[in-house]
Every structure is written in C-alpha cells, then in structure tokens.
Amino acid sequence: MTAIRIACLAVLASCGGEPTTPPAPPAVTPPAQAEIPISGAAVAGMGAYDQKISDFMRKYAIPGGAVAVLRDGKLIYARGFGYADVENRTPVQPDALFRIASVSKPITAAAVMKLVEEGKLKLDDRVAPLIAHLTPAPGATVDPRWEQITIRHLLNHTGGWDRARPNGGFDPMDRPGIAAAAVAAPAPASAETIIRYMKGMPLDFNPGEKYVYSNFGYAILGRVIERLSGMRYEEYVRARVLQPVGAHRTRSGRTRMRDAFAGEVKYYLPTEPGLGMTAPMVPSVFPGEGTAPIPYGAFHIESFDASGAWVSSTVDLLRFLAGVDGRDNRPGILGAATVAEMTGSGPTVCANGACYYGFGWLVRPTQGDATWSHGGALPGTTSVLVRSYHNFSWVALFNARSWTPNFDNELNAALWDALGSVTSFPEHDLFSAFP
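Note that the coordinates shown come from a computational prediction; the quantities given were computed from them, not determined experimentally.

Next up on the list: the packing of aromatic side chains. Here the structure, examined in full by the defined rule, presents 17 aromatic pairs. Ring centres of Tyr-233 and Trp-310 lie 5.9 Å apart, and the angle between their planes is 55°; on these two criteria the pair is classed as tilted. Of this pair, Tyr-233 sits in helix α7 (residues 233-242) while Trp-310 sits in strand β11 (residues 310-312), and the two are 77 residues apart along the sequence. For Tyr-233, a relative accessible area of 2% gives the class buried. Site record: aromatic cluster; members linked through ring pairs are Phe-56, Tyr-60, Phe-398 and Phe-407. The ring of Phe-286 carries the charged tip of Arg-256 above its face, separated from the ring centre by 3.5 Å. The side chain of Arg-401 reaches across the aromatic face of Trp-403, ending 4.1 Å from its centre.

In this section: the packing of helix α1 (residues 47-60) against helix α11 (residues 407-420). For any two helices packed against each other, the geometry comes down to the angle between their axes and how far apart the axes lie. Relative to each other, α1 and α11 sit at 165°, their axes nearing to 8 Å. Accordingly, the angle class assigned to the pair α1 and α11 is roughly antiparallel. In this structure, α1 meets α11 at a crossing whose hand is right-handed. Across the interface between the two elements, Ala-48, Tyr-49, Lys-52, Ile-53, Phe-56, Lys-59 and Tyr-60 from α1 touch Phe-407, Glu-410, Leu-411, Ala-414, Leu-415, Asp-417, Ala-418 and Leu-419 from α11. The residue inventory of the contact of α1 with α11, partitioned by class, reads 11 nonpolar, no polar and four charged.

Glancing now at helix α2 (residues 104-117). The end-to-end C-alpha separation of α2 is 20 Å, in line with the 20 Å expected for 14 residues at 1.5 Å each. Buried residues dominate α2, accounting for 12 of its 14 residues. Within α2, the full set of buried residues consists of Ser-104, Lys-105, Pro-106, Ile-107, Thr-108, Ala-109, Ala-110, Ala-111, Val-112, Met-113, Lys-114 and Leu-115. Downstream of α2 by one or two residues, Gly-119 has phi in the positive range, about 75°.

As a further point, take the sheet that holds β11. In space, the three strands of this open sheet follow the order β7-β11-β8, with antiparallel pairing throughout. Edge strands, defined here as strands with exactly one partner in the open sheet, are β7 (98-99) and β8 (251-252). The pairing of β7 with β11 spans two bridges and is classified as antiparallel. In the sheet register, Phe-98 faces β11, and the bridge partner there is Ser-312. The sheet strands contacting α7 are β8 and β11, and the helix crosses β11 at an angle near 40°.

In this section: the pattern of salt bridges. All told, the structure shown has 29 salt bridges when counted by the stated rule. Two residues, Lys-114 and Glu-117, come together in a salt bridge whose shortest N-O distance is 3.7 Å. Residue Lys-114 and its partner Glu-117 are both found in helix α2; the two are separated by three residues, about one turn of the helix. Of the charged contacts, one joins Asp-124 and Arg-152 as a salt bridge, the two residues approaching to 2.9 Å between their closest N and O atoms. You can see Asp-124 sitting in the loop between α2 and α3 (151-155) and its partner Arg-152 sitting in helix α3, a full 28 residues away along the chain. With relative accessibility at 49%, the residue Asp-124 sits in the partly exposed group. Exposure remark for Arg-152: the relative accessible area of 24% places this residue in the partly exposed category. Shared partners join several salt bridges into a network, and the residues in it are Glu-192, Arg-223, Glu-226, Arg-232 and Asp-305.

On to the packing of α2 against α7, then. Running from N to C, α2 and α7 cross one another at 75°; their axes reach a closest spacing of 10 Å. The pairing of α2 with α7 is recorded here as roughly perpendicular in orientation. Where α2 approaches α7, its residues Ile-107, Thr-108, Ala-110, Ala-111, Lys-114 and Leu-115 are matched on the opposing element by Tyr-233, Tyr-236, Val-237, Arg-240, Val-241 and Leu-242. When grouped by side-chain class, the residues that make up the contact of α2 with α7 number nine nonpolar, one polar and two charged.

Within the secondary structure layout, Ala-179 lies in helix α4 (residues 176-182). By relative accessible area, Ala-179 is classed as buried at 0%. Separated by 70 residues in sequence, Ala-179 and Ala-109 have C-alpha atoms that sit 25 Å apart. Residues contacting Ala-179, with those up to four places away along its chain left out, are Ala-189, Thr-193, Ile-194 and Tyr-197.

Looking now at α11. Here α11 contains 14 residues, and its C-alpha end-to-end distance of 20 Å stays within 8% of the 20 Å for a straight helix at 1.5 Å per residue. Where α11 is concerned, the buried positions are Phe-407, Asp-408, Leu-411, Asn-412, Ala-414, Leu-415, Ala-418 and Leu-419. Looking straight down α11, one finds its buried side chains confined to an arc of 155°; they lie on one side.

Quick notes on the rules
Residues numbered from 1 in each chain as written. Predicted model: local features only at pLDDT ≥ 70, side-chain atom pairs only at ≥ 80, totals over all residues. Heavy atoms only, no water. Phe/Tyr/Trp six-rings, centres within 6.5 Å; stacked < 30°, edge-to-face > 60°. Helix = DSSP H or I, 4+ residues; strand = E, 2+ residues; numbered from the N terminus. Buried < 20%, exposed > 50% of the residue type's maximum accessible area, 1.4 Å probe, protein only. Lys NZ or Arg CZ within 6 Å of the ring centre and 35° of its normal. Axes fitted to C-alpha atoms, helices over the stretch in contact; angles between N-to-C directions. Parallel < 35°, antiparallel > 145°, perpendicular 65-115°, else oblique. Left-handed = near helix turned anticlockwise from the far one by under 90°. Contact = heavy atoms within 4.5 Å. Nonpolar A, V, L, I, M, F, W, Y, C, P; charged D, E, K, R; others polar. Expected span 1.5 Å × (residues − 1). Pairing = 2+ DSSP bridges. Salt bridge = Lys/Arg side-chain N within 4 Å of Asp/Glu carboxyl O. Arc of directions from axis to C-beta.

And the structure:
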C-alpha cells in the first residue's frame, strides 16, 4: 500500500496532508457498533453533538473519537466517543490523546510568529542561509531558485514544490528510505536528511508563483525554528507556544506502537472496498524490524515533526487555539498585529476567491470576521480544528478515517449542523475539569 499524503478537508476547503496508511495493532477493524459509548459529562441543550457524531462514526465504522467546543473562551462541551482500544473495550476519554496530522501546521506557524515577535526572524527573510548547514549529497546540483525561497513562501505553501505534479510529483516526507540512501544517512530519514536529499532535486515552480500544499515546506520551518531559537523544535514549541496556554500534554508523536504515550488511542483501519477487515502488515521503515501494521511502521512520524507529528487532545488544542485566535476571552500568546499578519492574507485556495491560506490556517472571510480552519489525515487519523467567525471554536479527533470522497465533507457538515441544532448553551467552563 503506498503512502499518500492527504489532508484535504473539502469541508473546510483546505488541503493539507499526512502520509496515508491505516491503523490497528491487532490487525482487525471492528464493524460499526450499534451502540457507541460516550464519556464525559452530558451537556443539556447540546445533545445534537452526541447524536450527530455517533451517527457519523457508525456510518464510517470509526472506532473512537473526541469532540470539544469553545464559546466565548469557555470550554462548554468535551466528550469522548467509542473506543480508544477496541480489543480491550477501553472507551475514549474526552481528553484522550490522538495523532493530529496536519493540524500540527497551525502550531508550527504560531511558533514561527513567536520568533518574528522576538525579533529573531522576518517573514521575507531568505531560507537558504538558515539551512546552509544541511548540505546536499556530494556532487548534487542545487537549484539556484532555493535562494529565492522565503519564510513567507514556506508558511503559505508557495515554496516551489508540487507533490501532485504529473509525471513524477511526490511528497518528500513519504520517502524516508530513498532520502536516507541518497545522502548516505541512517534510515529512516530524519527531517534534516530529507532536506539534504531535496536540495539535490529541482524545484517544480518558481517560489511565490502559486499555491501547492507542501508538507516539506513546514519540515524546513522546523529547522528554521531550531536554528534561530537554539532549541530543538519540540522544546521551543512546548516552551513558547503550548505551555503558556496550558497545553501541557501535547507532544511530538512516535511511530512505534510500543512508544505510544499514556492516554494515547490506538489507530485503526475501517472497512474499505477492496481492503476488507484487516490492517495490512508492511515492511517497517526501521531497518531490521521486519513488518509492522501500517500506522506503526509504514511511515516515520518523527520526521514529520513540524508538518504533522504532534499528538494532542481536543482540550489542549482548544487551549492552543484560544491563545492565538485574536480574541480577548482568554490570554493570548501573540499580539494583535501578529495575529492579523498570520491570517490577513495569502494565496487563494477556494473557488471564486472565497478563502485563502494564511500562515498555517485556511481563512474564509465571513460577516466582518473570518473562519479559520485546518484538517489533518493519516491512516488511522482524522483531525479538524476550526475557529468560526461567530465566536465559537471546535475540534474533532478520530482514530480512523475513510478515504471515500464524501468523508471529510460529511464530517464538516455534522459539526456545523450539530452547532446549529443546539437548543441552549451552558455558561459553565469545563477547562478546570481537565488539569
């Protein structure tokens, strides 16, 4: 099974990605359950979420998920659905940890904007000098257009790489073996190794010429953060972005099942036409380790770090979002001018110019404000984070996904419909229930 990098929530009109492959340790995907257990306190007036999320999971045979909603800076809804571990019948808790795939990109973008605020970086700084220490393979020819790439280009996916280019387009993050061999580095390739490999490959278009979603561009941003902060990517992001807003449980993920975090769900492959009920075993990206279930060895999540490796909970993600949303309901970690720069403009993504990609966010101007969103996908992972134009925000995380055409649209519709069906909103704030 080939790794695909997809994170297109047509629902949100955004394209973003993660390597694709299905998940499941015991190699069996359960059929859709008639009854889906729900954990966390029921919220009067918000029962539409319970029903619509359960119906969505039942339709697509999704084992487990979690959904949380923010209103005026208060966490008003947080519930877990289905099973974190099907074999042991372990229910998903409201604050369970999930791989979030490309929902990692808004986190990376916020970290870059912190460097801008600290005076260590400008958006139109050239990237090449900041990664000059990552040398290409001996004898490789470096495309001179590398010298034109800026931080802004990487943030809004206009750097020059086209993974969908006919006759040979590819996502560099899906080539951990090829990249390592090309530069005689240990396998599986690190993000640094992949950059060295790509320095020996030609760009697909002139930087700034057009928008093409690029996981690789965000991998480079991770190295820029390291170079300018003097800290490892994860350390800087946790110290300067996540911990200040109380998102203490969010960590960079790990590939192997045995390295999963306490409280992290297992990842499953739902029944798909032609795939049946089994989660295929594939050669592990770790040399000498034989085969592994796809989500635990078909790709190297550690190398995705800045583009798609974070593991988080719905509660932590809403803490993060409330810290960068430009609203005064909760303390922010970015100044108003920085937030405006992050989300104020970008290359057009949607038809008729209805939305654009800022820095880490798909932005859709609406009624004098804007809805920001990002989605993520991996085999075994579905994630979506939304900051709506009318002072609500929400996040949904699942431990499986379908690759059928309407999946993301239906998930988006279910979340918006649930909000529209709420009969009354509570005044409580559940953040204190999740230390």
